[in-house]
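Observations on chain architecture
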Amino acid sequence: MQSTGHAIDGHPINWHCNQGVSDVTDYGQFRAAACQAAPVFLDTEATVVKACGLIAEAAAAGARLIVFPEVFIPGYPYWNWTMTPVQGSAWFERLFRAAIDIPGPEVEALCSAARAAGAQVVIGVNERDSYSMGTLYNSLLFISATGELLGVHRKLVPTWAEKLTWAGGDGSSLRVYDTTTGRLGGLACGENTNTLARFALLAQGENVHCATYISLPTAPADYDMVEAIKVRAAAHSFEGKVFTVVACSSISPEIVDIVAHDDASRAMLERKHSAFSGIFGPDGRLVSEPLIDDEGIVYADIDLNRCIQPKQMHDIIGHYNRFDIFQLHVNREPQSRVVFADPPPAAPQSFSPDQSPQP
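Residues numbered from 1 in each chain as written. Predicted model: local features only at pLDDT ≥ 70, side-chain atom pairs only at ≥ 80, totals over all residues. Heavy atoms only, no water.

Notes on the overall build of the protein chain
From N to C terminus, the protein chain includes nine helices and 16 strands. Sequence separation of 24 or more characterises 69% of the internal contacts of the protein chain that already satisfy a separation of 6 or more. Surface exposure of the protein chain reaches about 17600 Å², of which carbon and sulfur atoms provide 55%. Separation between the mean location of the 25 positive side-chain charges and that of the 40 negative ones in the protein chain comes to 4 Å. (Helix = DSSP H or I, 4+ residues; strand = E, 2+ residues; numbered from the N terminus. Contact = heavy atoms within 4.5 Å. Areas by Shrake-Rupley, 256 points an atom, 1.4 Å probe, with all protein chains shown as cover. Lys, Arg positive; Asp, Glu negative; His and termini not counted. Charge placed at Lys NZ, Arg CZ, Asp CG, Glu CD.)

Take a look at the structure:
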């Protein structure tokens, strides 16, 4: 039978119970997929087509949750790391023109692909601001298995050189969605180091976390992107006793050819051990095969019931915390660029039959 429990942010939480001597809550099992792929760089239409094809491929393999990389549509602004701001300005314009509107036809195509696949989809996009011709957001789309756009998360703080491209989002999108594949949340790349952002999702009952990344061969020489991703994902899974699906982009030779402007930048962009995708269990260990650098899809069968026993030891959103000592305040009110204080409309004047309006 199906029951309705308490609500998160006003949304009812549904669970299924097995019939027997007593009802036993079963939190569900499903297959998750992490897509590690390169976009068709700055070609929005072609990248959407590629994404829809990967959704169909993963669903055919049984996936009911399919996660894509950060800003997969239509690509990552690598020029911020290899060019001066002046050199990169023309590239920003190219990205702005190739970015998408939400809602828009690209979102509709992705929602249709998710509905046809019967799978939840989480995918990173470059989102144009609705009013400004110079503002972009690094956004994550959460799409239901019925093709509904559940929500959009804008990266709160662009990382380092990314500030040349993206504006920051606000707290209104720090939300967890109750779906057929668990209570789903997600953050983009460096946000997964933000302890408070991660706790804000865990505190809403998140039990499946989507961590999206880009291949970053332009990092400092002593920075190992693969190990950095693994540490962050394992930490979130272990601390929260949740599953984490990591999807990272790969960087193709075509992207290198497009963006490299000298031998030094080409050498940076061709650096190996810069992309990692995989799925972590609630004990912080990998439950999928690791995928490093190359394109592909990795899968894992997720059993949400495995989150229960580890939480007996450390449930940081429940018994293993002191909310009389610690309390996190999250402002989720959407921030407006302007507040108009329009005067109320004037009351209509009435005239007696023997009066005429004054000029």
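A word on the pattern of salt bridges
Across all of its chains, the model carries 15 salt bridges by this definition. Asp301 is the salt-bridge partner of Arg31, the closest N and O atoms lying 2.9 Å from each other. Of this pair, Arg31 sits in strand S4 (residues 29-36) while Asp301 sits in strand S16 (residues 296-303), and the two are 270 residues apart along the sequence. The class of Arg31 is partly exposed, set by a relative accessible area of 29%. One salt bridge connects Asp324 with Arg322, and the closest N-O pair in it is separated by 2.7 Å. Classification of Arg322 by relative accessible area gives partly exposed; the value is 45%. Bridged by salt links that share partners, the residues Glu70, Lys155 and Glu162 form one connected network. (Salt bridge = Lys/Arg side-chain N within 4 Å of Asp/Glu carboxyl O. Buried < 20%, exposed > 50% of the residue type's maximum accessible area, 1.4 Å probe, protein only.)

Describing the nonpolar core
The biggest cluster of nonpolar side chains holds 39 residues, and the ones touching the most others in it are Tyr76, Tyr78, Tyr213 and Val246. Of all the secondary-structure elements, those providing two or more residues to this core are helix H2 (79-82), helix H3 (85-98), strand S12 (208-213), helix H6 (225-240), strand S13 (243-248), helix H7 (253-259) and strand S14 (276-280). Among the elements that line this core, the one with the most residues is H6, at five residues. Once residues within four sequence positions are removed from consideration, Tyr76 is found in contact with Phe41, Val71, Trp81, Glu162, Trp166, Ile214 and Leu216. Core analysis: the second largest hydrophobic core is formed by 29 residues, Phe72, Ile100, Ile102 and Leu141 among them. (Core = buried A, V, L, I, M, F, W, Y, C linked by side-chain atoms within 4.5 Å.)

Quick word on the environment of Gln204
Take Gln204: it is sitting in the loop between helix H5 (195-202) and S12. Spatially, the C-alpha atoms of Gln204 and Gly185 are 9.2 Å apart, while their sequence positions differ by 19 residues. A distance of 2.9 Å separates the side chain of Gln204 from the backbone oxygen of Ala200, its partner in a polar contact. (Polar contact = N/O pair within 3.5 Å; in protein donor to acceptor, adjacent residues only side chain to side chain.)

Description of a nonpolar patch on the surface
Together, Leu196, Leu328 and Val330 make up a nonpolar patch on the protein surface, roughly 230 Å² of accessible area in all. Along the chain, Leu196 turns up in helix H5. (Patch = residues over 30% accessible without salt bridge, like charges linked within 9 Å, V, L, I, M, F, W, Y side chains within 5 Å.)

With respect to the packing of aromatic side chains
Under the definition given, this model contains nine aromatic pairs. Ring centres of Trp81 and Trp160 lie 5.3 Å apart, and the angle between their planes is 85 degrees; this geometry places the pair in the edge-to-face category. Residue Trp81 is found in helix H2, and its partner Trp160 is found in the loop between strand S8 (149-154) and strand S9 (166-167); the two are separated by 79 residues along the sequence. Using a relative accessible area of 17% as the deciding quantity, one classes Trp81 as buried. In this structure an aromatic cluster arises from ring pairing among Phe41, Trp79 and Trp91. Here the guanidinium or amino end of Arg128 rests over the ring plane of Phe96, the centre of that ring lying 5.9 Å away. (Phe/Tyr/Trp six-rings, centres within 6.5 Å; stacked < 30°, edge-to-face > 60°. Lys NZ or Arg CZ within 6 Å of the ring centre and 35° of its normal.)

So, the side chain of Thr218
Assignment of secondary structure puts Thr218 in the loop between S12 and H6. When neighbours within four sequence positions are excluded, Thr218 is seen to be in contact with Trp81, Thr82, Met268 and Leu269.

Focus: H5
The α-helix winds at 3.6 residues per turn, so residues separated by three or four positions along the chain end up facing the same way. Burial within H5 is extensive, with six of its eight residues counted as buried. By the burial criterion, the buried members of H5 are Ala197, Arg198, Phe199, Ala200, Leu201 and Leu202. Where H5 is buried, its residues touch strand S11 (182-188), S12 and H6. Of the residues that open H5, the one with a side-chain oxygen 3.2 Å from the backbone nitrogen of Leu196 is Asn194.

Observations regarding the pairing of S8
In terms of strand pairing, strand S7 (residues 136-143) meets S8 through five bridges, oriented antiparallel. The residue of S8 that forms the bridge with Ser139 is Arg154. (Pairing = 2+ DSSP bridges.)

Topic: the sheet that holds strand S15 (residues 291-292)
Spatially, S10-S11-S12-S13-S14-S15 is the arrangement adopted by the six strands of the open sheet, whose pairing is mixed. Either end of the sheet is taken by a strand with one partner, and the two such strands are strand S10 (177-179) and S15. Here S10 pairs with S11 via three bridges, running antiparallel. Along S11, the bridge assignment pairs Thr179 with Gly182.

Some thoughts on the packing of helix H1 (residues 44-60) against helix H4 (residues 105-117)
For the pair H1 and H4, interaxial distance at closest approach is 9 Å and the crossing angle is 10 degrees. In terms of orientation, H1 and H4 fall into the roughly parallel class. Side by side, H1 and H4 meet where Thr44, Val48, Ala51, Cys52, Ile55 and Ala59 of the first sit next to Glu106, Ala109, Leu110, Ala113, Ala114 and Ala117 of the second. (Axes fitted to C-alpha atoms, helices over the stretch in contact; angles between N-to-C directions. Parallel < 35°, antiparallel > 145°, perpendicular 65-115°, else oblique.)

Side note on the pairing of strand S5 (residues 63-67)
Within S5, four of the five residues are buried, which leaves the element mostly enclosed by the surrounding structure. As paired strands, S4 and S5 are joined by four bridges and run parallel to one another. Residue pairing across strands places Ala32 opposite Leu65, the latter belonging to S5. With H1 bridging S4 and its parallel neighbour S5, the resulting β-α-β unit is right-handed. Relative to strand S6 (residues 120-128), S5 runs parallel, the two sharing three bridges. Bridging from a neighbouring strand, Ile66 pairs with Val121 of S6. (Right-handed = clockwise from strand over helix to strand, strands pointing away.)

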